[in-house]
Amino acid sequence: MIFARLRALLGPGAVDRDPDNVPRVTPDSTDALALVCRLAYDEGWKIRIEGLTSWLPPDAPADLAVSTRGLDEIVSVSPADLVATIQAGASMDAIRRRLAEHGMWLAVDPPGRPDRTLGSIIASGTSGPLRHGFGPVRDHILGCTVVTGDGRIVRPGSRVVKNVAGYDLTKLHVGSFGGFGIVTEAHLRLRALPRADVTVISKGSRDALTAAARDLLEARIAPAALELISPALAAEAGWVLAARFLGIDPAVQADVRRLPSDTEAVWEQLPADRTAGFWALLARGGLSGPVTFRLGVLPDGLDDALDLLAHDLDVDMVAAGAASGSLRWTGEAPVERLRAVRRAAAGREIPMTLERAPWSVRRALGHFGAYREGLGRLVDRLRDTFDPKQALSVALEGSESEK
Amino acid sequence: MSPALLEALGRIVGPRWVRHRKAELTTYSMDGLPTHESLPGAVVMPESRAEVVEVIRLLHLLQVPFVARGAGTGLSGGALADPDALLLALTRMNRILRVDRGARRAVVQPGVVNARLSEAVAPLELQYVPDPSSQAACTVGGNVAENAGGPHCLKYGVTTNHVVELEVVLPDASVVRLGSPHGEPWGPDLVGLFVGSEGMFGVATEITVRLEPIPPGVRTMLADFPSVRLASEAVSRIIASGIVPAALEMMDQACVQAVEASIYAAGYPTDAAAVLLVEVDGTPEQVAAESVLVEETLRTQGARAVRSASSPADRARLWQGRKKAFGAMGRIAPDLAVQDAVVPRSALPDILDRIGEIRRRHALSISNVFHAGDGNLHPNISFDRRDPALAARVREASREIMAACVAAGGSITGEHGVGNDKMGYMPWIFDPETLGAMQAVRRVFDPDERCNPGKVLPTRACREWRATPAAREVAL
């Protein structure tokens with residue numbers, strides 16, 4: 001009996017059942033989590049990885065669930081080095097509060113609940129609008145501790161901000177949905193809290209706003225985020241273009257003053273007390289339907305990509321980095337529609353990553369959909385290295401290119 | 001190398017691009033580090049991806065090991081090949097294939113010289129940011145292999161943050177494309193895994209990089225300090241203030257004196273215990289505001305003097321002293337062991353004291369020039385390798401410096417790589433399981449371990465991961 005075996009291994013306090021009556025274990029250390037994985041490997045049990053159940057599918061088929069919620073410690077914060085070590089189950093809210101006490105922050109603003117776990121952000125590689133100014137999730141992770149599908153503990157990277165010792169296995173674990181192991185802890189690159197944080201928005205038609213975004217970049221203004229937001233997602237009548245400026249006050253004020261004013265776009269500065277709420281609303285929009293995916297588009301292909309979505313799906317809940325080209329869609333759609341979008345995107349050299357979806361959709365599409373030719377073989381071998389019995393219930397395998 | 005193999009290689013690339021005489025091979029027997037030397041079996045110089053594929057297919061058939069090499073400016077012995085291995089010199093693959101101004105991307109062959117790329121895109125007001133000191137000679141392919149850094153990586157990131165897509169010839173001669181022009185991977189982040197793999201996963205034949213706009217404003221400041229400790233504390237204070245300078249470099253007195261005595265003299269004050277080179281960039285308003293804050297911080301932290309470059313020529317001169325510091329040290333002794341280690345920024349003052357103590361105990365000449373903002377040290381030991389006793393002291397001192405950096409919570413390399421120079425230190429920072437994982441990942445790409453063999457991983461320290469059937473399968 002799996003339930004009893006787990007209780008015997010970690011004690012009764014660490015084992016309960018999930019809503020589907022599947023045994024769920026909540027280890028309080030990396031070592032304990034590794035023991036569970038080792039046992040599951042030996043017994044041939046399937047593991048579902050769980051944080052808050054909002055990003056990794058809670059309905060993935062499994063003999064047991066392994067929750068990271070017992071690993072929620074902020075292990076260390078080094079203000080002088082701008083580095084922190086934090087366990088995967090810690091919530092972004094808690095991390096934000098703790099770092100702010102030291103005048104620091106983690107410059108990622110992923111979609112989802114404000115309390116989503118660090119582990120889910122690493123596993124799904126979900127960055128938000130600040131990706132433009134601060135890079136994708138992988139740029140913020142200096143090293144990690146990972147438990148593999150057969151219960152080994154691997155610790156690539158380190159606590160220093162620059163390091164090329166050994167292969168960069170950390171990058172392999174960021175954004176691979178736990179398919180190569182369960183991240184239990186990470187070393188993070190921090191930044192000093194910006195002294196000024198100003199958001200300006202412009203409302204109008206999609207075409208007018210994409211033109212406004214181009215003008216802004218041509219004027220060599222460099223916002224930390226420049227996001228094009230669909231009407232429903234922004235809870236407005238029309239499209240919204242939002243630019244966020246972070247830094248020291250005179251520089252931020254100067255950027256805002258230099259915003260091009262000779263175009264159709266009219267810029268309006270959000271009052272300080274509405275800024276956080278504006279971006280939080282956008283983040284929560286990422287959960288407004290059962291499926292979320294992202295597309296990696298070059299900025300000059302954004303219009304075309306949005307047309308593609310409008311044609312095959314809809315553009316109800318869409319946010320796109322007007323400068324970074326990262327596009328995120330949320331909603332509900334049958335698998336065939338999603339597959340059609342993926343095929344059309346692949347034809348344009350645009351990768352599609354399924355960030356959030358029920359298991360049935362993931363099973364049918366894979367997290368990543370079409371791999372390019374030859375990549376499936378490499379991914380399968382990597383999977384085989386880190387999870388030889390495929391104990392981790394993760395839909396990593398992709399079909400070879402459909403192009 | 002057998003004459004038949006050399007002839008077959010000659011049929012692929014043309015006989016004049018296959019080198020096998022000892023005098024020809026000597027050129028390739030070292031990289032930028034004078035402490036390691038090895039003659040390759042032969043050198044072959046392909047001109048295209050098709051030739052690389054043909055060469056590697058032949059080597060795969062005959063199970064011959066090989067090492068890819070760019071300009072040979074590496075500093076870890078990573079591009080050396082043993083006599084039983086073939087060296088694949090990629091310097092003829094030096095074309096910039098495409099530049100997309102709107103998307104800010106360039107597609108280049110691996111042999112393109114780093115500085116040439118930035119020169120080529122400068123008329124478009126764009127630049128390729130990673131700027132290793134060897135940028136006038138080193139190649140983008142070599143930068144990818146080593147995940148090279150440079151002074152301006154503090155604000156903008158190292159090579160891995162600027163490479164979005166790679167075309168790679170795997171050791172079985174199959175060709176794969178990793179990443180996408182946007183940077184979003186097709187699946188797991190194999191570009192992130194490949195960059196910095198020190199030529200052990202395959203040969204990159206096409207590299208797509210991100211270009212950045214040249215900032216409209218820039219100011220370079222030089223501050224001199226009466227002690228290294230004060231200078232280090234100023235660095236921490238600047239970083240903690242929320243300003244991320246484009247560069248934040250430190251040189252100690254030994255380094256400054258070597259530079260000032262050379263043709264690269266930059267006007268650094270030779271009586272200062274340490275000088276800091278701080279550069280801020282961005283919009284003119286940002287530069288103005290940040291300069292004021294930086295200058296204030298430097299003075300509060302004990303700088304004797306702070307001066308700003310008054311013209312582009314003045315700025316270039318200040319930078320020349322820093323970038324040519326290694327060259328300037330050639331005046332001190334015939335050989336220079338350029339070291340590379342990282343410590344948490346806050347450990348800088350203590351570690352520099354410790355290096356001073358090691359220098360005195362071994363009676364060596366060590367100068368320090370480093371990326372202070374990242375805690376990335378380059379203690380450089382001047383010596384003459386013809387003196388075996390001295391060379392032994394250099395090895396021992398290097399080892400002690402590494403041990404001190406690791407003890408301070410640091411790493412054995414920040415940007416030069418492990419190569420064959422630092423393999424012995426790998427178990428100091430990675431446990432056997434993690435080393436075993438690295439070896440297993442390497443076998444995913446190179447099941448026969450023929451691609452740059454004998455580097456990075458100290459095999460005996462790696463815990464063995466199962467050799468899975470899939471990993472042993474050889475694709476034909």
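By convention here, each chain's residues receive numbers from 1 onward along its written sequence. For naming, the first written chain is A and the first written ligand is 1, with later ones following in the order written. Reporting of local features is limited, given that this is a predicted model, to residues whose pLDDT is at least 70; pairs of side-chain atoms are given and counted only at 80 or more, and all residues count toward the totals for whole chains, interfaces and linings.

Quick look at the overall build of chain A now. Strands here mean DSSP runs of E at least two residues long; helices mean DSSP runs of H or I at least four residues long; both are numbered from the N terminus. Scanning chain A from terminus to terminus reveals 14 helices and 19 strands. We compute the radius of gyration over the C-alpha atoms and compare it with the globule rule, which gives 2.2 Å times the number of residues raised to the power 0.38. Its C-alpha atoms give chain A a radius of gyration of 21 Å, near enough to 22 Å, the size a compact globule of 403 residues would have. Projected onto the principal axes, the alpha-carbon positions of chain A cover approximately 70 × 50 × 40 Å. With C-beta atoms placed from the backbone, a residue is labelled by how many other C-beta atoms lie within 10 Å of its own: buried for 20 or more, exposed for 12 or fewer, partly exposed between the two. Residues classed as buried in chain A amount to 58% of the 403 residues present. We call two residues in contact when their backbone-placed C-beta atoms lie within 7 Å. Expressed as a percentage of contacts within chain A between residues at least 6 apart in sequence, the contacts between residues at least 24 apart total 69%.

Here the focus is the overall build of chain B. Each helix and strand counted, chain B has 17 helices and 20 strands in total. The principal-axis extent of the C-alpha atoms belonging to chain B is close to 65 × 55 × 45 Å. Expressed as a percentage of contacts within chain B between residues at least 6 apart in sequence, the contacts between residues at least 24 apart total 72%.

Next up on the list: the packing of helix α9 (residues 249-257) of chain A against helix α10 (residues 284-300) of chain B. The contact between α9 of chain A and α10 of chain B brings their axes to 8 Å, and the two run at 170°. By the angle between their axes, α9 of chain A is roughly antiparallel relative to α10 of chain B. Residue-level contacts link P250, A251 and A254 of chain A of α9 of chain A to E285, Q286 and A289 of chain B of α10 of chain B. Note on residue classes: Ala, Val, Leu, Ile, Met, Phe, Trp, Tyr, Cys and Pro are nonpolar, Asp, Glu, Lys and Arg are charged, and everything else, Gly too, is polar. Here the contact of α9 of chain A with α10 of chain B is composed, by residue class, of four nonpolar, one polar and one charged. Simply put, an axis is a line fit to the C-alpha atoms, just over the touching stretch for a helix, and the angle between two N-to-C directions goes from 0 to 180 degrees. An angle below 35 degrees is treated as roughly parallel, one above 145 as roughly antiparallel, one from 65 to 115 as roughly perpendicular, and anything else as oblique.

With that settled, consider the packing of helix α1 (residues 3-13) of chain B against helix α3 (residues 49-62) of chain B. Residues and elements named next belong to chain B. One way to put it is that α1 packs onto α3 with a least axis distance of 9 Å and a crossing angle of 160°. When the axis of α1 is compared with that of α3, the two are roughly antiparallel. Between α1 and α3 lies a crossing whose hand is right-handed. Within the contact between the two elements, α1 uses L5, A8, L9, I12 and V13 and α3 uses E51, E54, V55, L58 and L62. Across the contact of α1 with α3, the residue classes break down as eight nonpolar, no polar and two charged. Less than a right angle of anticlockwise turn of the near helix away from the far helix marks a crossing as left-handed, whereas a clockwise turn marks it as right-handed.

What follows deals with the interface of chain B and chain A. The accessible area lost on association of the parts is a frequent measure of interface size. Each partner contributes residues to the interface: chain B has 76 residues there, and chain A has 65 residues. Of all the secondary structure elements, the ones that give two or more residues to the side of chain B that touches chain A are β9 (175-179), α7 (190-194), α8 (228-240), α10, α15 (426-429), α16 (432-445) and α17 (469-472) of chain B. If one sorts the elements of the side of chain B that touches chain A by residue count, α16 of chain B sits on top with seven residues. Here the residues of the side of chain B that touches chain A are counted per class, giving 33 nonpolar, 31 polar and twelve charged.

What follows concerns the sheet that holds strand β3 (residues 47-50) of chain A. All names here are of chain A. Within the open sheet, the four strands sit side by side as β1-β2-β4-β3. Their pairing is mixed. Only two strands of the sheet have a single neighbouring strand rather than two, namely β1 (15-17) and β3. Sheet twist, expressed as the mean angle between neighbouring strand axes with direction ignored, is 30°. Pairing between strand β2 (residues 23-25) and strand β4 (residues 64-67): two bridges, direction parallel. Between any two strands, pairing holds if DSSP finds at least two bridges.

Of the positions making up α9 of chain A, those classed as buried are A251, V252 and D255 of chain A. End-on view of α9 of chain A: buried residues confined to an arc of 100°, all on one side of the axis. Pointing more than 90 degrees away from the buried face of α9 of chain A are the exposed residues D249 and R257 of chain A. Tucked into the core, α9 of chain A has its buried residues touching β12 (196-204) and β14 (239-247) of chain A together with β14 (274-282) and α10 of chain B. Within this analysis, the arc is defined by the directions that extend from the helix axis to the C-beta atoms.

Another aspect to go through is the nonpolar core. Put simply, a nonpolar core is buried Ala, Val, Leu, Ile, Met, Phe, Trp, Tyr and Cys residues tied into one set by C-beta atoms within 7 Å. If you look at the biggest cluster of nonpolar residues, it comprises 277 residues, and the most contacted ones within it are I122 and V318 of chain A together with L88, V275 and L276 of chain B. Every residue in contact with V318 of chain A, bar those within four places of it in the chain, is listed here: S230, L233, L306, L309, L327 and W329 of chain A.

With that settled, the discussion passes to the domain arrangement of chain B. Residue and element names in this part refer to chain B. Boundaries between domains were set according to an automatic or database domain assignment. Here chain B is described as being made up of domain 1 (3-89), domain 2 (96-213), domain 3 (217-327), domain 4 (333-424) and domain 5 (430-472). Each side of the interface is counted separately: domain 2 has seven residues, and domain 4 has ten residues. Of the residues that constitute the side of domain 2 that touches domain 4, the class distribution is four nonpolar, one polar and two charged.

On to the pairing of strand β10 (residues 203-210) of chain B, then. Residues and elements named next belong to chain B. Most of β10 is tucked away: eight of the eight residues are buried. Pairing geometry for strand β6 (residues 105-108) and β10, over four bridges, is antiparallel. Of the residues in β10, the one forming a bridge with V107 is T208.

The next subject is the environment of H20 of chain B. Residue and element names in this part refer to chain B. Along the chain, the position of H20 falls in the loop between β1 (18-19) and α2 (22-26). Residues H20 and V394 lie 374 residues apart in sequence; the distance between their C-alpha atoms is 33 Å. Setting aside chain neighbours within four positions, we find H20 in contact with M1, L6, L25 and A42.

All names here are of chain B. Checked against the element boundaries, L5 lands in helix α1. Classification of L5 as partly exposed rests on a count of 19 C-beta atoms within 10 Å. C-alpha separation for the pair L5 and L58, spaced 53 residues apart in sequence, amounts to 8.5 Å.

Residues and elements named next belong to chain B. Given a helix with a known number of residues, its expected span is that number minus one, times 1.5 Å. A rise of 1.5 Å per residue sets the reference length of α8, with its 13 residues, at 18 Å; its end C-alpha atoms lie 19 Å apart and thus fit the reference within 8%. Considered for burial, the residues of α8 that qualify are V228, L230, A231, S232, A234, V235, S236, I238 and I239. In this structure, the buried side of α8 is in contact with β12 (217-225), β13 (247-252), β14, α10 and α13 (348-361). Phi turns positive, to about 100°, at G242, one or two residues after α8.

Each strand in a sheet pairs with another by means of backbone hydrogen bonds, the pair being arranged parallel or else antiparallel. Residue and element names in this part refer to chain B. The strand order across the open sheet formed by five strands is β5-β6-β10-β8-β9, and the pairing between neighbours is antiparallel. Strand pairing shows two members of the sheet lacking a second neighbour, β5 (96-100) and β9, which therefore form its edges. Mean inter-strand twist for the sheet, computed between neighbouring axes without regard to direction, equals 10°. Sheet analysis places β5 next to β6, joined by four bridges and oriented antiparallel. Its bridge partner being in β6, V99 is matched across the sheet by A106.

All names here are of chain A. Residues I47 and I49 point to one face of β3 and R48 and E50 to the other, with burial holding for every one of them. As judged from the four bridges shared by β3 and β4, these two strands associate in the parallel manner. Its bridge partner lying in β4, R48 is registered against A65.

What follows deals with the environment of P194 of chain A. With respect to the helices and strands, the residue P194 of chain A is situated in the loop between β11 (191-192) and β12. C-alpha of P194 of chain A to C-alpha of W105 of chain A: the two residues are 89 residues apart in sequence and 8.8 Å apart in space. Ignoring sequence-local partners within four residues, the contact set of P194 of chain A consists of L246 and G247 of chain A together with G242 of chain B.

So, on to the confidence of the model for chain A. Here chain A shows a mean pLDDT of 93. Residues at 70 or above account for 97%. For every residue, the predictor states its confidence as a pLDDT score lying anywhere from 0 to 100. Under a pLDDT of 50 for its full length, residues 399-403 of chain A has, in the predicted model, 14 contacts with residues more than four places off or in other chains.

Looking now at the confidence of the model for chain B. All names here are of chain B. In the predicted model, chain B carries a mean pLDDT of 94, and 98% of its residues have values of at least 70. Taken as a whole, residues 468-476 scores under 50 in pLDDT and shows 18 contacts with residues more than four places along the chain or in a different chain. Under the prediction, the complex receives an ipTM of 0.96, its pTM being 0.96.

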